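# Coordinates in review
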Amino acid sequence: MSKIIPESEDRWLAADRAHVWHPYSAIGADTPVFHVQSASGVRIRLADGRELIDGMASWWCAIHGYNHPVLNAALEQQLKSMAHVMFGGLTHRPAVELAELLLSVTPEPLQAVFFSDSGSVSVEVAMKMAIQYWQARGSNDKVRFVTLRHGYHGDTLGAMSVCDPVTGMHALFSGVLPQQLFIDAPGCAFGEPCTDADIEPLAGVLQAHAHELAALILEPVVQGAGGMRFYSADYLRRARELCERHDVLLIADEIATGFGRTGELFACDHAGIAPDIMCLGKSLTGGYMTLAATLTTAAIADTISQGAPGVFMHGPTFMANPLACATALASVQLLLDSPWQQRVQEIEAGLRRGLQPCAAFGHVRDVRALGAIGVVELDAPVDMKAVQRQFVDRGVWVRPFGRLVYLMPPFIIGDADLAALTQAVVSVVSDSTG
Ligand SMILES: *Cc1c(COP(=O)(O)O)cnc(C)c1O
């Protein structure tokens, strides 16, 4: 009989450091990782008993907080009938009901759904859909993509090829990545009109390259991991018109922005536009399960399905996992049944008010908020190792990257917890002057 050896926390963390990769990490590095015991509501409880107020929603995902009774119940209920079944030749209620629900809340022209396991894969699927659509129409040259600098679309090779060349580390993978076209990110801020000068880089590229372009891919209104930039909805409107005029598809990557984060249910709603293809992920399941979806129009779905080879060429093993679909169904319904828009507006006001003191610091370049996203942009990258501990010591979970310290809390956060988050940011940023 094997013995259960009680092991020290130190040994356990050493094993993590020696053997387990974390996102964008090095094996053996001395950057701190914290052992999480459990999470509930907006609290993350560490193994040493400390509780942290969650300022990250686990990277846009946990919009309802952790350990939510409604989501738990949906997951447990689904588990009783089946955890998983292959999607080739078989179907099930959670997938079909989720598809119908997603189509009912997204822009009208979107009529077909492809489920996959992660945001990056949903972007690969979107890119393949665009290429296959043009192939089916006999336009075999339309295989490239145009995108915005400072964009982020995922870590797989196709998705990486449309990430910002610098933050996406194109130099490292230059021999492998398809060469896409990049234009400067919009200069017009959110709430501002988009001038002819603002749209000119996109107009120029479409004019010159439409014959070889399958699609424009962008994050609508909010560019997330590539810089946390908010830009004019008017730019999006004009981009939509230009794509139409030049016969180039528009792919909206709403993986970060979807499900209320920016103050509208989808960021495209700020501009009142419908993309040809839309990617959803992250908060789709309320952060419970890994699930993503690529939505497209009836015209594109039909063209692909009727052109050679007569099918769309993609089919993940775990496609439309029933546990994930059932949880997503419950999460989206929970969101729609809640006063989410009012709450997100209140969070925006709280973030704006709470982070404002940072604007007075000499090393702070900008302070901004949109929906449930608050950003403090510094002149220079933070010392992650030091700053991460300072946040934990102040009882909050905030994970900056580069020059950006930002908050994107669960929508259920209360005013006092939100104020505690912003106070911690002000205090840590104030101390980081050096
Ligand atoms: C996170 C993200 C992705 C990638 O999603 P993964 O689930 O991490 O693969 C793609 N696009 C955007 C806008 C994202 O924020």
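Starting from 1, residues in each chain are numbered consecutively following that chain's sequence as written. With the structure being a predicted model, the display of local features is reserved for residues of pLDDT at least 70 and the display and counting of side-chain atom pairs for 80 or more, all residues being used for whole-chain, interface and lining totals. As a convention, hydrogens and water are excluded, and side-chain values are obtained from all of the structure's heavy atoms.

## A short note on the sheet that holds strand S16 (residues 404-407)
The line we're drawing: Should DSSP find at least two bridges between two strands, the strands are taken to pair. The numbering of helices and of strands both runs from the N terminus, where a helix is a DSSP run of H or I of at least 4 residues and a strand a run of E of at least 2. For every element, the axis is a line fit to its C-alpha atoms; helices are fit only across the contacting stretch, and the angle between N-to-C directions ranges from 0 to 180 degrees.
The three strands lie next to each other as S13-S14-S16, forming an open sheet whose pairing is antiparallel. For this open sheet the edge positions go to strand S13 (364-370) and S16, each flanked by a neighbour on one side alone. Adjacent strand axes in the sheet meet at a mean angle of 10° when their direction is disregarded.

## Observations regarding the domain arrangement of the protein
Under the convention used in this document: Where each domain starts and ends comes from a domain assignment, either automatic or drawn from a database. A contact between two residues is defined here by any heavy atoms of the two lying within 4.5 Å. Joining two parts hides part of their accessible area as seen by a 1.4 Å probe, and the buried area is that hidden amount summed over both. We define a salt bridge as a contact between a side-chain nitrogen of Lys or Arg and a carboxyl oxygen of Asp or Glu at a distance within 4 Å.
When its domains are assigned, the protein resolves into domain 1 (34-67 + 340-431) and domain 2 (71-336). Each partner contributes to the interface: domain 1 provides 24 residues, whereas domain 2 provides 28 residues. By the criterion of area lost to domain 2, the three top residues of domain 1 are Trp60, Trp340 and Leu370, representing 35% of everything that side buries. Linking domain 1 to domain 2 there are zero salt bridges.

## Details of the sheet that holds strand S5 (residues 144-148)
Here seven strands make up an open sheet; going across it, the order is S4-S12-S11-S10-S7-S5-S6 and the pairing mixed. Whereas interior strands pair on both sides, the edge strands pair on one side only; in this sheet they are strand S4 (110-116) and strand S6 (181-183). In this sheet, adjacent strand axes meet at a mean angle of 20° when their direction is disregarded. Sheet topology places strand S7 (residues 213-218) next to strand S10 (residues 249-253); four bridges connect them, and they run parallel. Directly across from Ile217, in S10, lies its bridge partner Ile251. Helix H7 (residues 196-209) rests against S5, S6 and S7 of the sheet, and its axis sits at about 155° to S6. Sheet contacts for helix H10 (residues 298-306): S4, S10, strand S11 (277-280) and strand S12 (292-297); angle to S12, the most-contacted strand, approximately 90°.

## So, the site of the ligand
Test applied: Proximity is defined per residue: any heavy atom of the residue falling within 4 Å of a molecule or strand makes that residue near it. Whenever two N or O atoms come within 3.5 Å, that pair is a polar contact, provided that in protein one can donate a hydrogen and the other can accept it, and provided that, for residues adjacent in sequence, both atoms are side-chain atoms. Put simply, Ala, Val, Leu, Ile, Met, Phe, Trp, Tyr, Cys and Pro go in the nonpolar bin, Asp, Glu, Lys and Arg in the charged bin, and everything else, Gly too, in the polar bin.
Every residue near the ligand is listed here: Ser118, Gly119, Ser120, Tyr152, His153, Gly154, Glu219, Asp253, Ile255, Ala256 and Lys282. In this structure, an oxygen atom belonging to the ligand sits 2.6 Å away from a side-chain N or O atom of Ser120. A distance of 2.7 Å separates a nitrogen atom of the ligand from a polar atom in the side chain of Asp253. Taken together, the residues of the shell around the ligand sort by class into three nonpolar, five polar and three charged.

## Topic: the layout of surface pockets
In this approach, a probe sized like a water molecule rolls over the atoms, and the result shows the empty space that is left. Quick reminder of the rule: Definitions used throughout: a 1 Å grid over protein atoms alone; a cavity as a set of points that fits a 1.4 Å probe which cannot get out; a pocket as an open set with protein on both sides within 12 Å along at least five of seven lines; a lining residue as one with an atom within 4 Å of a point. Grid points are joined across faces, edges and corners, and a volume is the space filled by probe spheres set on the points.
Its volume calculated, the second largest pocket comes out at about 240 Å³. Along its surface, the second largest pocket is lined by 16 residues, and Glu9, Leu13, Val33, Phe34 and His35 are the ones closest to its centre. Counting residues per element, the lining of the second largest pocket draws most heavily on helix H1 (residues 9-19), which supplies five residues. Its residues assigned to classes, the lining of the second largest pocket comprises seven nonpolar, two polar and seven charged.

## Topic: the packing of helix H12 (residues 340-355) against helix H14 (residues 415-431)
Inclusion rule: Note on convention: near helix rotated counterclockwise from far helix by under a right angle means a left-handed crossing. Clockwise means right-handed.
At their nearest, the axes of H12 and H14 sit 9 Å apart, and the two run at 30° to each other. As for how H12 packs across H14, the hand of that crossing is right-handed. Between H12 and H14, the residues in contact are Arg343, Ile347, Gly350, Leu351, Gly354 and Leu355 and Asp415, Leu418, Thr422, Val425 and Val426, respectively. Across the contact of H12 with H14, the residue classes break down as six nonpolar, three polar and two charged.

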